[in-house]
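Listed here are the chains, written in short residue letters.
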Amino acid sequence: MCTSLSLTGPALFGRNLDLERSFGQQVVITPRQMPLAFHLRPSLPRHHAMIGMAAVAGGVPLYAEACNETGLYMAGLNFPSNACYLPEAQARPGDVAPYELIPLVLGCCTDLDQARRLLHTLRLAAIPFGPGYPLAPLHWHIADAAGALTVEPMADGLHLYDNPVGVLTNNPPFDHQMMNLSNYRGLSPALPENRFAPGLDLPVYGCGLGAVGLPGDASPMSRFVRAVFHKSHGVFAQTRDEQVVQFFRLLDTVAMPRGSVAAPGGGYEETLYSCCIDPDEGVYYYRTCQSGAIRAVAMNEVDRDGSEAKVFPLQQDAGFVWQNPRRAL
C-alpha cells in the first residue's frame, strides 16, 4: 500500500510509504563512484549519483524510491497478485532482479526518454536480494520534469504506460485505474449547479459540494482517484518552501493514520513516512509517522562524487517548536 506523486510544474516528486512495520529505512546517498553490482549484468563503476529512502543490507542500498542528480525519479510500489517475473531458472545475461531496477535506471539514465529506451530492452527475473529476503511484487513510477511513466511486470511481459496524471498506487493495473477515472468526470472543486431537480430549492449548505462522491477510503483504487483529484486542482505558491509544504499536504489526502487500515497478517497499515524530492536542488524532504516535522537532506557536490554510500538515520522526535516556555510537568 503506497501512493506516489510527480509534478511537472513545479517539478517535485515523492510518495507515502504505507506498511505495518518499519523495514529499516534511512535516507541514503549513493555517490557516482560507488560501484553498482548486478546479478546478470556488468557492474557500473561510475554512474549518476542518487538520493532516496532505502534499507541498507550488506552495504547495498535497497531503494524504495530515489531521484538521481539529473532529476529522474523512480519509486517501487506494491503490486500483489499482478506482478510477474521470469523464473530465476529462465534468467539470462542482461536480465535484472526487481531490487536492481531503481539503481540501474537512475544510474544509467538522464531523463524519462532514456529510461523508456532502456526499459524496452529489459526482462525482470525472480531473483531475490539474498537468502531471507522476500521477492517483492512491484510496479514502478518513473518521472522527470517533463512527464511520467508507469512500469508493470505482467505475465505477458513488461508493460510501459505513459502516466499523464503523475500518480501511482497499487492494484488494479494502471490501465484499469485510468479507465476508472471516467466515473468521476462530474466532480469539481466548484459549487455544483442544481441538475438533480432544477425546480426544487436545494440550498448550498457548505463548500465542497462539487466533490461529493469522491471516494474517501484507503483502498488503492480510491486513493488513486483522490490523489488525481487533489493533484489536478492543487494551487502552488511561488516560493520553493511553500511548494514543498503544499506537496506534503497533497500526500496527506491519501495518508493512513495508524488504526484506520487493518493489515492481513495482524497490526495496522500506516503511512510510515512521506517524502518530497526537489530535483533542482537535490534535496530529499521527509516526515515520519512519529513526527510532524519536515526534515531535509541535501545531496551536495561532496556527497555526489564519493565512493561510499552516505546514510542519514531518520529523525523521529516530534519536532515541536515552542513559542512560549513549556510548563513543567
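Details of the structure are given in the entry above.
Let me sum up the structure you'll find in this document.

1. Some points on the overall build of the protein chain
Helix and strand counts for the protein chain come out as six helices and 15 strands. Scaling as 2.2 N^0.38, a compact globule of 329 residues should have a C-alpha radius of gyration of about 20 Å, and the protein chain matches this with 21 Å. Viewed in the frame of its principal axes, the protein chain has a C-alpha envelope of about 70 × 60 × 40 Å. Within the protein chain, the proportion of its 329 residues that are buried is 48%.

2. Topic: the pattern of salt bridges
All chains considered together, the criterion is met by 16 salt bridges. A salt bridge links Arg-15 to Glu-65; the nearest nitrogen and oxygen atoms lie 2.6 Å apart. One end of the pair, Arg-15, is in strand E2 (residues 11-19); the other, Glu-65, is in strand E5 (residues 60-68), with 50 residues separating them in the sequence. Assessed through its relative accessible area of 0%, Arg-15 is described here as buried. With a relative accessible area of 0%, Glu-65 lands in the buried category. Of the charged contacts, one joins Arg-295 and Asp-317 as a salt bridge, the two residues approaching to 3.2 Å between their closest N and O atoms. Residue Arg-295 is located in strand E14 (residues 295-298), and its partner Asp-317 is located in the segment after strand E15 (310-312); the two are separated by 22 residues in the primary sequence. Its relative accessible area of 19% is what places Arg-295 among the buried residues.

3. Details of the side chain of Arg-226
Tracing the backbone through its elements, the reader meets Arg-226 in helix H4 (residues 220-233). Despite its burial, Arg-226 remains without a salt bridge, the nearest opposite charge being carried by Asp-217 at 5.6 Å. Those residues in contact with Arg-226, other than ones at most four positions away along the chain, are Leu-214, Pro-215, Gly-216, Asp-217, Thr-253 and Val-254.

4. Comments concerning the sheet that holds strand E9 (residues 157-162)
If you trace the eight strands from one edge of the open sheet to the other, you get E9-E8-E7-E6-E5-E4-E3-E15, paired in antiparallel fashion. Both edges of this open sheet fall to E9 and E15, since each of them pairs with a single strand only. With strand direction ignored, the average angle separating the axes of adjacent strands in the sheet is 30 degrees. Sheet analysis places strand E8 (residues 147-154) next to E9, joined by six bridges and oriented antiparallel.

5. Comments concerning helix H5 (residues 240-252)
With 13 residues, H5 extends 19 Å between its outermost C-alpha atoms, agreeing within 8% with the 18 Å of an ideal straight helix rising 1.5 Å per residue. Those residues of H5 that sit buried are Gln-243, Val-244, Phe-247, Phe-248, Leu-250 and Leu-251. Looking down the long axis of H5, one finds its buried residues gathered within 155 degrees of arc, a one-sided arrangement. Projecting away from the buried face of H5 at angles above 90 degrees are the exposed residues Asp-241 and Arg-249. Contacts made by the buried residues of H5 are with strand E1 (2-8), E2, H4, strand E12 (268-278) and strand E13 (283-288).

6. With respect to the packing of helix H1 (residues 101-108) against helix H2 (residues 112-119)
To describe two helices that pack against each other, one gives the angle between their axes and the distance between the axes. As a packed pair, H1 and H2 sit with axes 9 Å apart at the nearest point and diverge in direction by 130 degrees. Between H1 and H2, the crossing angle belongs to the class labelled oblique. Of the two elements, H1 crosses H2, and the hand of that crossing is right-handed. Mapping the contact onto sequence places Leu-101, Leu-104, Val-105 and Cys-108 in H1 and Gln-114, Ala-115, Leu-118 and Leu-119 in H2. Partitioned by chemical class, the residues of the contact of H1 with H2 number seven nonpolar, one polar and no charged.

7. A few points about the packing of aromatic side chains
Per the counting criterion, the structure on display carries six aromatic pairs. Measuring from ring centre to ring centre gives 5.2 Å for Phe-13 and Tyr-73, while their planes differ by 20 degrees; the resulting arrangement is stacked. One end of the pair, Phe-13, is in strand E2; the other, Tyr-73, is in strand E6 (residues 73-78), with 60 residues separating them in the sequence. Note on accessibility: Phe-13 and Tyr-73 belong to one class, buried. Where Phe-129 meets Tyr-133, the ring centres are 5.0 Å apart and the plane angle is 80 degrees; that geometry is what we call edge-to-face. Members of the aromatic cluster, joined through ring pairs, are Tyr-99, Phe-129 and Tyr-133.

8. A short note on the pairing of strand E4 (residues 50-57)
The side chains of a regular strand alternate between both faces of the sheet. With seven of its eight residues buried, E4 lies for the most part within the structure. Pairing geometry for strand E3 (residues 26-30) and E4, over five bridges, is antiparallel. From the neighbouring strand, Val-27 faces E4, where its bridge partner is Met-53. The pairing of E4 with E5 spans eight bridges and is classified as antiparallel.

What counts as what
Residues numbered from 1 in each chain as written. Predicted model: local features only at pLDDT ≥ 70, side-chain atom pairs only at ≥ 80, totals over all residues. Heavy atoms only, no water. Helix = DSSP H or I, 4+ residues; strand = E, 2+ residues; numbered from the N terminus. Rg over C-alpha atoms; globule rule 2.2 N^0.38 Å. Buried < 20%, exposed > 50% of the residue type's maximum accessible area, 1.4 Å probe, protein only. Salt bridge = Lys/Arg side-chain N within 4 Å of Asp/Glu carboxyl O. Lys, Arg positive; Asp, Glu negative; His and termini not counted. Contact = heavy atoms within 4.5 Å. Pairing = 2+ DSSP bridges. Axes fitted to C-alpha atoms, helices over the stretch in contact; angles between N-to-C directions. Expected span 1.5 Å × (residues − 1). Arc of directions from axis to C-beta. Parallel < 35°, antiparallel > 145°, perpendicular 65-115°, else oblique. Left-handed = near helix turned anticlockwise from the far one by under 90°. Nonpolar A, V, L, I, M, F, W, Y, C, P; charged D, E, K, R; others polar. Phe/Tyr/Trp six-rings, centres within 6.5 Å; stacked < 30°, edge-to-face > 60°.

Functional significance is not addressed by these values, which are geometric in nature.
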